Amino acid sequence: MGLKTAVLGAAGGIGQPLALLLKQNPAITELALFDVVPVVKGVPADIGHVDTPAVTTGYVKDEDGLKGALTGADLVVIPAGVPRKPGMTRDDLFNINAGIVRDLAQGIADFCPKAFVLIISNPVNSTVPIAAEVLKAAGVFDPKRVFGVTTLDVVRASTMSAQAIGKPNSAPEYTIPVVGGHSGVTILPLLSQAQPALPKSLFDDEAKLKELVKRIQFGGDEVVQAKAGAGSATLSMAYAGYKFAAQLISAAFEGKTGVVAPSYVYVKGNADVTKAIGQDLAFFSVPVELGPNGVEKVHPLGDLTAFEKELLEACLGELPGSISKGESFIQGSK
Ligand code: NAI
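A quick note: this is a predicted structure, and the numbers were derived from the prediction, not measured.

Another aspect to go through is helix α8 (residues 206–217). Along an α-helix, residues three or four apart share an orientation, since each turn contains 3.6 residues. Taking 1.5 Å as the rise per residue, α8 with 12 residues should run 16 Å; its terminal C-alpha atoms sit 16 Å apart, in good agreement. Buried residues along α8 sit against α6 (151–164), β8 (187–189), α7 (200–204), α9 (219–226) and α12 (306–331).

Have a look at this one:
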């Protein structure tokens, strides 16, 4: 088995380290790197010297660049677009990134309609609906194959929880479902469902619990502020994007079973999700069991504590609008 993986926006802050990590995956035999800036030709020249199987090629956005990058791709990862500067929300990026994701999704419809699509470009809450609408209009939307990458929230939840309980080295031990969306209050960390359980003392200390949740929800701001105008999370995002891509590759192509990861996917008509959140939303991040078809099964959201139900309400105050904004961006232009 040899997989072709395309990275769109591969010259960027996320794209370059993500390409390097993907280069190390032995299942990938072709790594196609696409961007609008010519330096994307230099990235494969550089990482192409790494002694792993993937043959690495660079494509600039000219008349055939996107076609060359996408034709035959099994997996497409999209970190293309502008990142936040201090004071900006992910929604502020909509005006630029919406059009970028629309055009790249059209390329996927045209050149690799069966590929798994992993969307990193923000605002994920809206860009995933945009991609879905483009694929639907082309008659190739498969809800099991389109993912909004929310893994950075999952990674932050483990790291920050471990820090909050005074065991900063224990992050890898904790698996914490993070559901909802990928922006501020739409990010809903279900700390009560951590495996193994977080200490009861955390849940008894309301102020500490709230502070931890807020830190997970707004963790991206820490990075934006620390980089002081020079971008948002890139290295931890590359790690998180690769983590999800590797999980999908192992489950979809290598026969690994029991791979469950939260992801922002199409859930319209899913009775269990509707019951759990009280609305039939088109998209919600849920714990997804991955397999040969992509989303094999959506795992239950489980019982929420009273505090988590309040967080869900706040999430639902924002998320449906972000979904509609993405959908209308395409539907309105028809
Ligand atoms: P960056 O500006 O460093 O890189 C973006 C790259 O996209 C640039 O190389 C640019 O030339 C390229 N690009 C722009 N238009 C393009 C097009 N039409 N086709 C192909 N490539 C194009 O930005 P960075 O830091 O890598 O962030 C990328 C995106 O990822 C941003 O939207 C950011 O908000 C988002 N992000 C998402 C996270 C998540 O958890 N899902 C976390 C962190 C960032």
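There is more to say after this.
Within the structure shown, the criterion is met by 6 aromatic pairs. Note on Tyr266 and Phe283: the rings are 5.4 Å apart at their centroids and 75° apart in plane angle, and the pair reads as edge-to-face. Here Phe283 lies in strand β10 (residues 283–291) and Tyr266 lies in strand β9 (residues 259–266), a separation of 17 residues in the sequence. Looking at Tyr266, the relative accessible area reads 25%, which means it is partly exposed. Judged by relative accessible area, Phe283 falls into the buried class, the value being 2%. Taking NZ or CZ as reference, Arg145 lies 4.1 Å from the ring centre of Phe116, over its face. Its guanidinium or amino end placed over the ring of Phe94, Lys325 lies 4.6 Å from that ring's centre, counting from NZ or CZ.

Here we take up the site of the ligand. Taken together, 29 residues are adjacent to the ligand, and Gly13, Ile14, Asp35, Val82 and His182 come closest. Contact distances for the ligand include 2.6 Å between an oxygen atom and a side-chain N or O atom of Asp35. Side-chain polar atom of Asn122 to an oxygen atom of the ligand: 3.1 Å apart, as the coordinates give it. When atoms are counted within 2 Å of each cavity's grid points, the one that captures over half of the ligand is the largest pocket. At the level of secondary structure, the elements contributing two or more residues to the shell around the ligand comprise β2 (28–35) and α4 (94–111). Ranked by the residues each element gives to the shell around the ligand, the list is headed by α4, at 3 residues. A per-class count over the shell around the ligand returns 18 nonpolar, 10 polar and 1 charged.

Another aspect to go through is the layout of surface pockets. By rolling a water-sized probe across the atoms, one finds the places where empty space is left. Within this model, the largest pocket holds a volume of roughly 860 Å³. The wall of the largest pocket is formed by 45 residues, among which Pro79, Ala80, Gly81, Val82 and Ser121 lie closest to the centre. Contributions of two or more residues to the lining of the largest pocket are made by β2, α3 (65–70), α4, α6 and α9. When residues in the lining of the largest pocket are grouped by element, the largest group, 6 residues, is from α4. Here the residues of the lining of the largest pocket are counted per class, giving 21 nonpolar, 14 polar and 10 charged. Taken as a whole, the second largest pocket holds about 500 Å³ of empty space. Forming the walls of the second largest pocket are 24 residues, and the residues nearest its centre are Val154, Thr175, Ile176, Pro177 and Pro262.

Examined bridge by bridge, β2 and strand β3 (residues 55–60) share 6 bridges and lie parallel to one another. Within the sheet, the bridge partner assigned to Leu31 lies in β3 and is Thr56. On the question of chirality, the crossover connecting β2 to the parallel β3 by way of helix α2 (residues 42–47) is right-handed.

A separate point is unusual backbone geometry. Between Asn122 and the following residue, Pro123, the backbone shows a cis peptide bond with an omega angle of -5°. Residue position: Pro123 is located in the loop between β5 (116–119) and α5 (124–137). With omega at -10°, the peptide bond leading from Gln195 into Pro196 counts as cis. Within the secondary structure, Pro196 is located in the loop between β8 and α7. In this structure, Ala228 is a non-glycine residue whose phi angle is positive, near 45°. According to the relative accessible area criterion, Ala228 is exposed, its value standing at 60%.

Quick look at the pattern of salt bridges now. A complete count under the given rule lists 9 salt bridges for this structure. The shortest N-O distance in the salt bridge between Asp103 and Arg102 comes to 2.9 Å. On the accessibility criterion, Asp103 (38% relative accessible area) is partly exposed. Judged by its relative accessible area of 30%, Arg102 is partly exposed.

We now examine empty space enclosed by the protein. A full pass over the atoms with the stated rule returns 2 cavities of 30 Å³ or more. Taken as a whole, the largest cavity encloses approximately 40 Å³ of empty space. Lining the largest cavity, in full, are Ile108, Pro113, Ala115, Val117, Leu135, Val140, Asp142, Arg145 and Val146. When grouped by side-chain class, the residues that make up the lining of the largest cavity number 7 nonpolar, no polar and 2 charged. Here the second largest cavity is characterised by a volume of approximately 40 Å³. Lining the second largest cavity we find Val179, Leu188, Leu190, Ala276, Ile277, Phe284, Leu301, Leu304 and Leu312. In terms of residue class, the lining of the second largest cavity is built from 9 nonpolar, no polar and no charged.

Analysis parameters
Residues numbered from 1 in each chain as written. Predicted model: local features only at pLDDT ≥ 70, side-chain atom pairs only at ≥ 80, totals over all residues. Heavy atoms only, no water. Helix = DSSP H or I, 4+ residues; strand = E, 2+ residues; numbered from the N terminus. Expected span 1.5 Å × (residues − 1). Contact = heavy atoms within 4.5 Å. Phe/Tyr/Trp six-rings, centres within 6.5 Å; stacked < 30°, edge-to-face > 60°. Buried < 20%, exposed > 50% of the residue type's maximum accessible area, 1.4 Å probe, protein only. Lys NZ or Arg CZ within 6 Å of the ring centre and 35° of its normal. Near = heavy atom within 4 Å. Polar contact = N/O pair within 3.5 Å; in protein donor to acceptor, adjacent residues only side chain to side chain. 1 Å grid on protein atoms, 1.4 Å probe; cavity = no way out; pocket = protein on both sides within 12 Å on 5 of 7 lines; lining within 4 Å. Sits in = over half its atoms within 2 Å of the grid points. Nonpolar A, V, L, I, M, F, W, Y, C, P; charged D, E, K, R; others polar. Points joined across faces, edges and corners; volume = space filled by probe spheres on them. Pairing = 2+ DSSP bridges. Right-handed = clockwise from strand over helix to strand, strands pointing away. Salt bridge = Lys/Arg side-chain N within 4 Å of Asp/Glu carboxyl O.

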